[in-house]
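Here is what each chain is made of, one letter per residue.
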2 protein chains.
Amino acid sequence: MSSPTIGVQVIRRAFAVLRALAGGPLGVSDVATAAHIPKSTAARVLAALAAEGAVEQVPGERRYRLGPDLLSIASGLGETWDIVAIARPTLVDLAAELGEAAGVSIRDGWTVQYVDQVEPPNPNPVQVRDWTGTRIPLHAVSSGQVFLAQLPAPVLSRYLAEPLEAFTPATLTDATALLERLRQVRRDGHAWVRDEYSIGLSSVAASIVDARAEVVAAIHVHGPSYRFPNPGDEDRIAGAVRAAAARIGARLRAGG
Amino acid sequence: MSSPTIGVQVIRRAFAVLRALAGGPLGVSDVATAAHIPKSTAARVLAALAAEGAVEQVPGERRYRLGPDLLSIASGLGETWDIVAIARPTLVDLAAELGEAAGVSIRDGWTVQYVDQVEPPNPNPVQVRDWTGTRIPLHAVSSGQVFLAQLPAPVLSRYLAEPLEAFTPATLTDATALLERLRQVRRDGHAWVRDEYSIGLSSVAASIVDARAEVVAAIHVHGPSYRFPNPGDEDRIAGAVRAAAARIGARLRAGG
DNA sequence: CGGCATCGTTCCACGATGCGGAACCCACCG
DNA sequence: CGGTGGGTTCCGCATCGTGGAACGATGCCG
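This is a predicted model, so every value here is computed, not measured.

Novice: Sorry if this is basic, but what is going on with the relation of the copies chain B and chain A here?
Specialist: In screw terms, the move from chain B to chain A is a rotation of 180° and a rise of 0.0 Å along the axis, fitting with an RMSD of 0.1 Å. Put plainly, the chains are arranged around a two-fold axis. Among all residues of chain B, the minimum C-alpha distance to the rotation axis is found for Ala85(B), at 2.2 Å. Both copies share a contact surface, since 100% of the interface residues of chain B are interface residues in chain A too.

Below, the structure written as structure tokens:
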């Protein structure tokens, strides 16, 4: 291998297989193709994963899909798990109300990690792809700015010390401009971002606060800039997002 | 190896590690002990899992915990995922209302698979352990009986063809007795089970029906038999469980 | 303040373990 | 009945993981 390739390779492959299956049930050959591994190896890995309950054959067919045992592991995620589970119904409502996709994210170091997303009912054919599982630098997206806005000043300045990557011409790469934006975010309780991460994509986000008054997650709604937000509709939309975030926070604080 | 030990062993170990971490953050040595693998191997596996985002170091500390990327995989579970996510808030309410633990399960072959469980607030010190991730034969538990009650006759008789394992003296191991019970379940819309799986443990379950009118999951509430159900309280409790199941079903049918 | 108990990391030679190409089998289809 | 494509099995090779042990960092306690 030209690159050192750190780590245990079977594990790499196993997860490649799991991620491939996350898209829906697949047969052995498809898995092999999707995960870039030889067919026989794919079969062996699938068998091993099946023995662990991480995947299972869909009854009748011979394709594989993710197995329910993953949930028993995922439920060990603790607070993160609670957040996703609790947020889901509210996201469904929010997506329905605004007609665009809604999602939750958490902060992971200097990036946002999107952990769940729900599409509106009767989604418009023009829709934003599902970002679940993606990590994006904090300054480039609305959820990230929400996280940044509540960081203690010294921590924040450590983030600003490094150069801010540009994704589009609109990305805020200047520390001063970003600080000004964060001031707005703190004032409004939400962050509006247009075309800063991807051209033609707009989003609003608001933060979720747990019992210890800490920001543990953020929710957002996003859609194509040409129709979202409709001019003059920004406040209504932002209000809905803030309200949803508040509701989720309340549930989180109430129910364990 | 005395036993053939089928499967890829690194994968076995990787999942042993993940399951160990499902209980909460652990250091390398603890993981090694819990998963019964040498320390250096544990470190290597953890590093590999970390590279996949399946685990992460808790910031500041050096212990590891499950990583958010698991969610991006779990969200590929499709309907099962939706069920858990949607059921959670209702389970929280239900557990609070009845003061005992509530859970969701799905059917997996001839077993029930518990996929989530929530404890009541201020739980009594005497509580039932968390069954999440466990599989139990259908006839022995309330959720299982709910699933059995709606199986087509021919499928059901295939299950009854094999001997029914006894877990306690109260387990229904006689096909006729079980059929009679299932009749009750169909009539009532719920299943009450006392001491049939474990002595001193009682539970009620009701089924969750999706848009295609299929039973896709069941919820239950269970507690120690000495206090649950309180005499004369069976109907109220069962009613609450049925209502919760109906609510979850409705949400499931509405929101994607 | 210094020594001891832990915990994590690194190293390396050994060999078990997983690898994967190819042959085989089966189910489905034309 | 011959062909195609997916799944499973086989088996010799060497890769990849293994784990004991030594090292280094931490932090607790005396």
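Now that the structure has been shown, the text picks up again.
Novice: For this particular structure, what's the right way to read the protein's contact with DNA strand D?
Specialist: What surrounds DNA strand D is a group of 15 residues, the closest being Gln9(A), Ser29(A), Lys39(A), Ser40(B) and Arg44(B). Residue Gln9(A) places a main-chain N or O atom 2.3 Å away from a phosphate oxygen belonging to DNA strand D. Interatomic distance of 3.1 Å between a side-chain N/O atom of Thr41(B) and a phosphate oxygen of DNA strand D. Where the surface near DNA strand D is concerned, the elements lending two or more residues are helix H1 (9-22), helix H2 (28-35) and helix H3 (39-51) of chain A together with helix H3 (39-51) of chain B. In terms of residue count, the dominant contributor to the surface near DNA strand D is H3(B) (three residues). Here the residues of the surface near DNA strand D are counted per class, giving four nonpolar, seven polar and four charged.

Novice: Hey, could you run me through the interface of chain B and chain A in this one?
Specialist: Frequently, the measure chosen for interface size is the accessible area that the parts lose on association. Counting residues at the interface gives 51 residues for chain B, matched by 51 residues for chain A. Summed over both partners, the interface of chain B with chain A comes to about 4,600 Å²; 69% of that surface belongs to carbon and sulfur atoms. Sorting the residues of chain B by area buried against chain A places Glu52(B), Leu71(B) and Ile73(B) first, and these three jointly supply 14% of that buried surface. There are 10 salt bridges connecting chain B and chain A. Asp93(A) is the partner of Arg251(B) in a salt bridge, and the nearest nitrogen-oxygen pair spans 3.0 Å. Where chain B meets chain A, there are 12 residue pairs in polar contact (both at pLDDT 80 or more).

Novice: Honestly, the side chain of His222(A) in this entry has me stumped. Any pointers?
Specialist: Residues and elements named next belong to chain A. Position of His-222 relative to the elements: it lies in strand E8 (residues 215-224). Assessed through its relative accessible area of 3%, His-222 is described here as buried. Not counting residues within four places of it along the chain, the set of residues in contact with His-222 comprises Glu-100, Ala-101, Gln-117, Val-128, Trp-131, Leu-201, Ser-202, Ser-203 and Phe-228.

Reading the values: rules and limits
- Residues numbered from 1 in each chain as written.
- Chains lettered and ligands numbered in written order.
- Predicted model: local features only at pLDDT ≥ 70, side-chain atom pairs only at ≥ 80, totals over all residues.
- Heavy atoms only, no water.
- Least-squares fit on C-alpha atoms with pLDDT ≥ 70 in both.
- Contact = heavy atoms within 4.5 Å.
- Near = heavy atom within 4 Å.
- Polar contact = N/O pair within 3.5 Å; in protein donor to acceptor, adjacent residues only side chain to side chain.
- Helix = DSSP H or I, 4+ residues; strand = E, 2+ residues; numbered from the N terminus.
- Nonpolar A, V, L, I, M, F, W, Y, C, P; charged D, E, K, R; others polar.
- Buried area = accessible area lost by both parts, 1.4 Å probe.
- Salt bridge = Lys/Arg side-chain N within 4 Å of Asp/Glu carboxyl O.
- Buried < 20%, exposed > 50% of the residue type's maximum accessible area, 1.4 Å probe, protein only.

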